[in-house]
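Results of the structural survey
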Amino acid sequence: MARLHLSTFHFFIVLYFSFGSTFTRSSLSVYASSHLAGFSITDFNSDDLLIHQDYSPPAPPPPPPHAPSVSCTDDLGGVGSLDSTCKIVSDLNLTRDVYIAGKGNFYILPEVRFHCPSPGCSITVNISGNFSLGENSSIVAGSFELEAYSASFDNGSTVNTTGLAGNPPPQTSGTPQGVDGAGGGHGGRGACCLVDKQKLPEDVWGGDAYSWSSLQKPLSYGSRGGSTSKEVDYGGGGGGLVTIEIEVLLEINGTLLANGGDGGSKGGGGSGGSIYIKAYRMIGSGLISACGGDGFAGGGGGRISVNVFSRHDDPKIFVHGGNSLGCPENAGAAGTLYDAVPRSLIVSNHNKSTDTETLLLEFPYQPLWTNVYVRNGARATVPLLWSRVQVQGQISLLSGGSLSFGLAHYVSSEFELLAEELLMSDSIIKVYGALRMSVKIFLMWNSKMLIYGGGDVAVATSLLESSNLVVLKESSVIHSNANLGVHGQVLLNLSGPGNVIEAQRLVLSLFYGIHVGPGSVLRSPLENATTDAVTPKLHCELQDCPSELLHPPEDCNVNSSLSFTLQICRVEDITVAGLIKGSVVHFHRARTISIQSTGTISASGMGCVGGVGRGNFLSNGIGSGGGHGGKGGLACYNSSCIEGGISYGNADLPCELGSGSGNNSSDDSTAGGGIIVMGSMEHPLSSLSVAGSLRADGESIGRSEQSFFVVDGLNGGPGGGSGGTVLLFLQTLTLTETAVLSSAGGYGSPNGGGGGGGGRIHFHWSDIPTGDVYQPIATVEGGIHARGGSGRDDGGAGENGTVTGKACPKGLYGIFCEECPTGTYKNVTGSVRALCLPCPPEELPHRANYKYVRGGVAERPCPYECISDRYHTPNCYTALEELIYAFGGPWLFGLLLISLLILLALVLSVARMKFVGVDESPGPAATEQGSHMGQSFPFLESLNEVLETNRVEESQSHVHRMYFLGPNTFSEPWHLPHTPPEQIKEIVYEGAFNTFVDEINAIAAYHWWEGAMYSILCVLAYPLAWSWQQWRRRIKLQRLREFVRSEYDHGCLRSCRSRALYEGLKVAATSDLMLAYLDFFLGGDEKRNDLPLRLPQRFPMSILFGGDGSYMAPFTLQSDNILTSLMSQLVPPTTWYRLVAGLSAQLRLVSRGRLRVTFRPVLQWLETHANPTLRNHGVHIDLAWFHATPCGYCQYGFLVYAVEEDYEPTSIGYADEAVRTNPLSRVKSSLGECLTGHPRDDVLLTQGHRLRRKRGYRGLIDTNSLKMLEEKRDIFYFLSFIVHNTKPVGHQDLVGLVISMLLLGDFSLVLLTLLQLYSISLVDVFLVLFILPLGVLLPFPAGINALFSHGPRHSAGLARFYALWNITSLINVGVAFLCGYIHYNIQSSQSKRHPNFQPWNFSMDESECWIFPAALVLCKVFQSQLINWHVANLEIQDRTLYSNEFELFWQS
């Protein structure tokens, strides 16, 4: 159980020291005191270990043979027999030694006293059975020895040998001599209250210790204390001897005492005796004590050894010294407690204060002890020189425990301490000489290790080695006034404030990591070192650099011949949050060093007081500053000055101490800065990170202090010390904002002293990466100072020192080997900024900037990059420019492009003529009917005429033509009025007619999705919207015709024959599908002689124009077979055909939005060409408008009426009134909706000039009413000036050739524009292509298709479609222009930020990105005009239709 407790405690201690447990020291001490005994550590081989001999007196000779055993009843007055059971039932006082032996049991019953109170009286019990000491019974003797099978000491029982010791072993000095009243010694020395100022407190003691060699089985009596009188012996007696050897079970609930006797106030206390216990098993919670007796000076503790295999309870065991009444702070020394099973030695003084020590002599080596515990105020010492303290497990010093090695006045010895662990808590170790310590774990808690090396250099080096942890906590100190090496393998942790490791020369090595916590200190040499301390060697008078600074030895041993005062060697990671201070501080073979914000590595003021650059003094004692990297400042007084110290050393590889004021004899002299070296030539530091400070400053005379000394009655003062050396061999450096790296000079004295010169800082970079693997080797945000110190009063400031770096490779410059600035190159080795030369500007292309190159630019030419990814190296041209310059430049490229376009156009024209044939004809001759119409104006044939050309006889039964209202659009479809006209009321049933109209109107109406699709296509691609509308119109017309022809039962007609044969109704439309009409025919069974009406009876007759005056649907005159047959009753067909062709030619020039202007030539043509010829046939025509819809759409046409020879005025009515009219009295109608915008009743002149009002849908248009004609213009009005119908110009092949050239040019310009935009951004290309999807590309295939189509009518339609794509693509061109403009503005702002940018040197730079879009606009405008001519040439192949000569027109 005890071993289990100790294992737990051991684990806790290790964790606590390693990870900073928050247990208090007091709790740790109490816990350790009560649980540390019996801890076991696995044995290790110790056969070859050297153990020194025992210097204590030899063990006493074996005792003489025992006398015969006494009798139970006769001699002891007991009951029974010793061979069975012997019971002592009454008190017994013995006067001599008693030997009790037998094979039975021996019981001393309760309340029985078994005494032999004479000093040295021995009671020996040797039985084979059981032994029992009853409750409240007691055994008193000088010696009690027990051997039995089992034994029990019941509650209240006592075995007491206190003060009854016999004579101690001969040749021992346990009893003090003299009359000092000192305590007796045994396991520990007796105290002595004598005060001797010539000796240390621990050098004064009473009786000495003895029987060290038998502490495992102590058999010695304690010693008597001294007396204060020669006449009377007041000293207390020594403790007796208790030996208990039990075979099986030992139960101790009573008390076993072998204490020294008390000496009172006049005698020293006796030392404790010996107690030896051996058993297989022990239980009980009794008391075992061999303490020293109290007295004027306390006696030393005795010796106890416990050899029990199994301990279930922990009895209280004490071996502390006795109290000293004459000197309470100096009790007797503690005795020894040896636990044989775990082989542990415990020295505990029960927290009694003492200066008296317990001697630890030679330690056994076969087997090794496992643990040694010194605790509770015990002071142990290893007095033998050249001793080894070696244990297999743990050495623990707790709760005021102290362990010292050697003698304070003889420090020329070395000591060895070997253990698994060394644990110290509120304790101290003193070493007089040198210590070689080797442990695995070294933990210190508020403890000290003080090593006094003395002046003997041969034994002045101590080595502390820990293969695992070295942890200092709570103000723990390791101090040596000589050389000290601390070696380890894992971690050295100075955890917090007050933790110090200091020595005159200090070497820390072989650790994986060293952590110097906030408030912790590593220092070498010591502050205020004594004269017997070992003084490190400093090279103050030599300018030669010690070789070990640059090439240190690899072994990391403490070498007093080297110049280092503090070296950290072969340590992976070093973290400094406290202070590291030394004269020559060296970090060798370290990997990383991190100085935190609270950390400092300092050699400030640790250099030379004199030195090579020492200052000088005026006669009054005022000194100049010391020099080093810079000269020291002048010392001036009353205009008398003296030079400062000289500058010395090598700036490129400094390794010298700073110099001081030069006055070694003065207490107020200043010293220069020391040396800090990190890394070496062979083993540079991997990384240095500084957030705190790294200083090697010169010493200053403080600003607030009046430091001066007197020379010849004058006040003087030294100058400041010069800065030392900071030499860094490293790979990377990080200085944060709070970091300070300084080697500054010190301030001079206040009365004119000069400032010290600055020191030297050098960064010797290792393996500086270059090229593509370059990484910045330094991040510097803090301060780096090598400034000179300020002078005081008239004194001068010291010169600045030097901050240098290793020469940088090509491409890098400066102290930290940074990359040369962009636009410069460096092709030599060096660190000067001027070596980074500017790159020649002539090597930099336009639109390029010098680019960042990792590792800097080492050679010319300097790398550059274009200002945008759209430009391509090496010349930073756009894709377009690369194309242009690939063909010799802009002018040659333009010439080649034009030549190529002309060549391709010629080839295209030849191919077109071969494929299509020649379109142009010299002018057609007059032909009859259809052939004439096909050549003069072939597209005027309606769908009804094409499908039914062989049915001319239908005109004989034709009754009336009823026109649909509306332009057949998705918003305003065709529709018929519900009221039947007067002309058909006789042949239809009005009710059935209304039903028929409803069905027709329902079929003619469009679905919502058709209009929605049209709206979408209008936004995306208007030509497709036009095609969609024509397609839906065509389907709608086909549906109407199928309905009337086959689906409708003709129920509205009165004719039975028409209803039976599904005849009498026919739907037809113009070729533009904007004007539709319904023809009514007689069925043949009406039996009406007045029907059908002859032509004169139909006058006035309305004939409506097809189209709406737009480019895609110009006004045309519909003339099918029925109309031609009707008109042939008065007008010859050839005249009628010519009239229709001429009027249609004039109408196609009418443009919507400009009706007032374009209708005027039509009116003039009617007056000059049409009516003069028609008058010969008794016919007159006038321009009119019809059927104004609610949406404002008007249908235009003309009125045909008859004229008599006498020109008498007649009324003009509806078609059912067959009346003659006079052209001079033509209708003067009031302007209707198309003129005023409001529907009105027509006012018509009748015969006799009588006015008749009838609701109508028409109004005559003449030169007067034309002025009032309402113009409806939309957003596309201005495009009518570009795309419009014109008169033919002839030269069709030439026009086609030019169109081919422009078409190819258009496509080329589009590609060049897209290429230019691609140089800007792919987004711009996307916008131009898809704002109107592919609108900028489709004119080319549309134009090719138009040029290579067969038939004039089909070619004209495709040409108009091509014209639509051409004009629509202007939107894409506008987007291209906008993208170029935005890019120009952005590029202009970027050009201001890039001074190296140079615009392109011909007329295509960013400011002229409008050229290609502008050229496209011009090209498309020219194409539009040529397409207009091309369409006119196709549609009007007879140019005499536009002849102004009356005769020429009618004769053609």
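Predicted model, so just to flag it, every value in this text is computed and none were measured.

Focus on the overall build of the protein
Counting its regular elements, the protein contains 23 helices and 73 strands. For the protein, the residues scored as buried account for 58% of the 1452 residues in total. In the protein, once contacts between residues fewer than 6 apart in sequence are set aside, the share between residues at least 24 apart is 66%. Working note: accessible area of the protein is about 57,900 Å², and carbon and sulfur atoms make up 55% of it.

With respect to the sheet that holds strand 12 (residues 158-160)
Spatial strand order, 3-6-9-12-15-17-19: 7 strands in an open sheet with parallel pairing. Two strands lie at the open edges of the sheet, namely strand 3 (92-93) and strand 19 (316-318), each paired on one side alone. Two strands pair when backbone bridges link them, and strand 3 and strand 6 (residues 113-115) are joined in this way by 2 bridges, in the parallel orientation. When the bridges of strand 6 are listed, Leu92 appears paired with Phe114.

Details of helix 9 (residues 1008-1020)
Taking 1.5 Å as the rise per residue, helix 9 with 13 residues should run 18 Å; its terminal C-alpha atoms sit 18 Å apart, in good agreement. Residues of helix 9 that are buried: Glu1010, Gly1011, Tyr1014 and Leu1017. Down the axis of helix 9, the smallest arc covering the buried residues is 125 degrees, so these residues share one side. Exposed positions of helix 9 whose direction lies more than 90 degrees from the buried face are Trp1008 and Val1019. The elements touched by buried residues of helix 9 are helix 10 (1022-1047).

Digging into the pairing of strand 20 (residues 336-339)
The side-chain alternation of strand 20 yields two buried faces, one formed by Thr336 and Tyr338 and the other by Leu337 and Asp339. Taken together, the 3 bridges between strand 20 and strand 21 (residues 344-348) define a ladder with antiparallel strand orientation. Paired with Tyr338 across the two strands is Leu345, which belongs to strand 21. Hairpin connection of strand 20 to strand 21: 4 residues between the antiparallel strands, including Arg343 at a positive phi of 55 degrees.

Observations regarding the packing of helix 5 (residues 890-916) against helix 18 (residues 1292-1320)
Where helix 5 contacts helix 18, the axes come no closer than 8 Å and their chain directions differ by 135 degrees. Considering their axes alone, helix 5 and helix 18 lie oblique with respect to each other. For helix 5 against helix 18, the interelement crossing comes out right-handed. The segment helix 5 lies against helix 18, with Phe893, Leu897, Leu901, Ile902, Leu904, Ala905, Leu906, Leu908, Ser909, Arg912 and Met913 engaging Gln1292, Asp1293, Gly1296, Leu1297, Ser1300, Met1301, Leu1304, Gly1305, Ser1308 and Leu1312.

Focus on the pattern of salt bridges
Working definition: two side chains of opposite charge can pair if their charged atoms are close together. Inspection of the entire model under this criterion finds 28 salt bridges. Asp208 serves as the salt-bridge partner of Arg189, at 3.0 Å between the closest nitrogen and oxygen. Here Asp208 lies in the loop between strand 12 and strand 13 (241-246) and Arg189 lies in the loop between strand 12 and strand 13, a separation of 19 residues in the sequence. By relative accessible area, which is 8% here, Arg189 ends up buried. Relative accessible area serves as the criterion here: at 17%, Asp208 is assigned to the buried category. Between Arg1360 and Glu1435 there is a salt bridge, and its shortest N-O distance comes to 2.8 Å. One end of the pair, Arg1360, is in helix 21 (residues 1352-1393); the other, Glu1435, is in helix 22 (residues 1411-1435), with 75 residues separating them in the sequence. Both residues of the pair, Arg1360 and Glu1435, belong to the buried class. By sharing partners, the salt bridges in this structure join Glu502, Arg523 and Glu527 into a single network.

Concerning the packing of helix 8 (residues 990-1004) against helix 10
Remark: helix 8 packs on helix 10, axes separated minimally by 9 Å, with the N-to-C direction vectors making an angle of 155 degrees. Our classification of the angle between helix 8 and helix 10 gives roughly antiparallel. Of the two possible hands of crossing, helix 8 and helix 10 adopt the one that is right-handed. Of the residues in helix 10, those touching helix 8 at Phe996, Glu999, Ile1000, Ile1003 and Ala1004 are Lys1036, Arg1039, Leu1040, Phe1043 and Val1044.

Points about the environment of Gly322
Residue placement: Gly322 occurs in the loop between strand 19 and strand 20. Residue Gly322 is classed as buried on the basis of its relative accessible area of 1%. Along the primary structure Gly322 and Gly184 are separated by 138 residues, whereas in three dimensions their C-alpha atoms are 9.7 Å apart.

Points about the nonpolar core
If you look at soluble globular proteins, the nonpolar side chains tend to sit buried side by side. Of all hydrophobic cores here, the largest spans 93 residues; its most connected members are Met449 and Ile601. Apart from residues lying up to four places away in sequence, Ile601 is in contact with Val576, Ile580, Val585, Phe587, Ile593, Ile595, Ile676, Met678, Ser693, Leu694 and Arg695. Judged by nonpolar contacts, the second largest core, of 56 residues, contains Leu1104, Phe1105, Val1200 and Leu1269.

Observations concerning unusual backbone geometry
Of note, the bond from Thr873 into Pro874 is cis; its omega dihedral lies within 30 degrees of zero at 5 degrees. Secondary-structure assignment places Pro874 in the loop between strand 63 (864-866) and helix 4 (879-886). A cis amide bond links Phe1099 to the next residue, Pro1100, at an omega of -10 degrees. By secondary structure assignment, the location of Pro1100 is in the loop between helix 12 (1095-1098) and strand 67 (1101-1106). One non-glycine residue, Arg570, lies in positive phi territory at about 55 degrees. Following the sequence through the fold, Arg570 ends up in the loop between strand 39 (566-569) and strand 40 (573-576).

Quick look at the confidence of the model for the protein
Across the protein, pLDDT averages 83, with 85% of residues at or above 70. Segment residues 1-55: pLDDT under 50, and 128 contacts once partners within four positions in sequence are set aside and those in other chains are kept.

Describing the sheet that holds strand 66 (residues 1076-1081)
On the basis of which strands lie adjacent, the open sheet formed by 3 strands has the order 64-66-65 and antiparallel pairing. Of all strands in the sheet, those with a lone pairing partner are strand 64 (958-963) and strand 65 (1065-1069), marking the two edges. Here the strands of the sheet are splayed against their neighbours by 25 degrees on average, with no regard to which way each runs. Bridge count for strand 64 against strand 66 is 5 bridges, and the pairing is antiparallel.

Section: the state of the cysteines
A complete count under the given rule lists 10 disulfides for this structure. Put simply, Cys808 and Cys817 are joined by a disulfide, and their sulfur atoms are 2.2 Å apart. Where Cys808 bonds to Cys817 through sulfur, the torsion about that S-S bond is close to -95 degrees, and the disulfide is left-handed. Here Cys817 falls in the buried class, since its relative accessible area comes to 0%. The disulfide that involves Cys820 links it to Cys836, with 2.0 Å between the sulfurs.

Overview of the environment of Ile984
Note that Ile984 resides in the loop between strand 64 and helix 8. Through-space distance from the C-alpha of Ile984 to that of Met962 is 9.5 Å; in sequence the pair is 22 residues apart.

Thoughts on the packing of aromatic side chains
Two numbers describe a pair of aromatic rings. These are the distance of the centres and the angle of the planes. Scanning all chains against the criterion turns up 37 aromatic pairs. What links up through ring pairs into an aromatic cluster is the set Phe106, Phe114, Phe131, Phe144 and Phe153. One Lys or Arg, Arg1138, reaches over the ring of Phe1449 and ends 4.7 Å from the middle of that ring. Sitting over the ring of Tyr1111, Arg1360 keeps its end group 4.9 Å from the ring centre.

About the cut-offs
- Residues numbered from 1 in each chain as written.
- Predicted model: local features only at pLDDT ≥ 70, side-chain atom pairs only at ≥ 80, totals over all residues.
- Heavy atoms only, no water.
- Helix = DSSP H or I, 4+ residues; strand = E, 2+ residues; numbered from the N terminus.
- Buried < 20%, exposed > 50% of the residue type's maximum accessible area, 1.4 Å probe, protein only.
- Contact = heavy atoms within 4.5 Å.
- Areas by Shrake-Rupley, 256 points an atom, 1.4 Å probe, with all protein chains shown as cover.
- Pairing = 2+ DSSP bridges.
- Expected span 1.5 Å × (residues − 1).
- Arc of directions from axis to C-beta.
- Axes fitted to C-alpha atoms, helices over the stretch in contact; angles between N-to-C directions.
- Parallel < 35°, antiparallel > 145°, perpendicular 65-115°, else oblique.
- Left-handed = near helix turned anticlockwise from the far one by under 90°.
- Salt bridge = Lys/Arg side-chain N within 4 Å of Asp/Glu carboxyl O.
- Core = buried A, V, L, I, M, F, W, Y, C linked by side-chain atoms within 4.5 Å.
- pLDDT = per-residue confidence, 0-100.
- Disulfide = S-S within 2.5 Å.
- Phe/Tyr/Trp six-rings, centres within 6.5 Å; stacked < 30°, edge-to-face > 60°.
- Lys NZ or Arg CZ within 6 Å of the ring centre and 35° of its normal.

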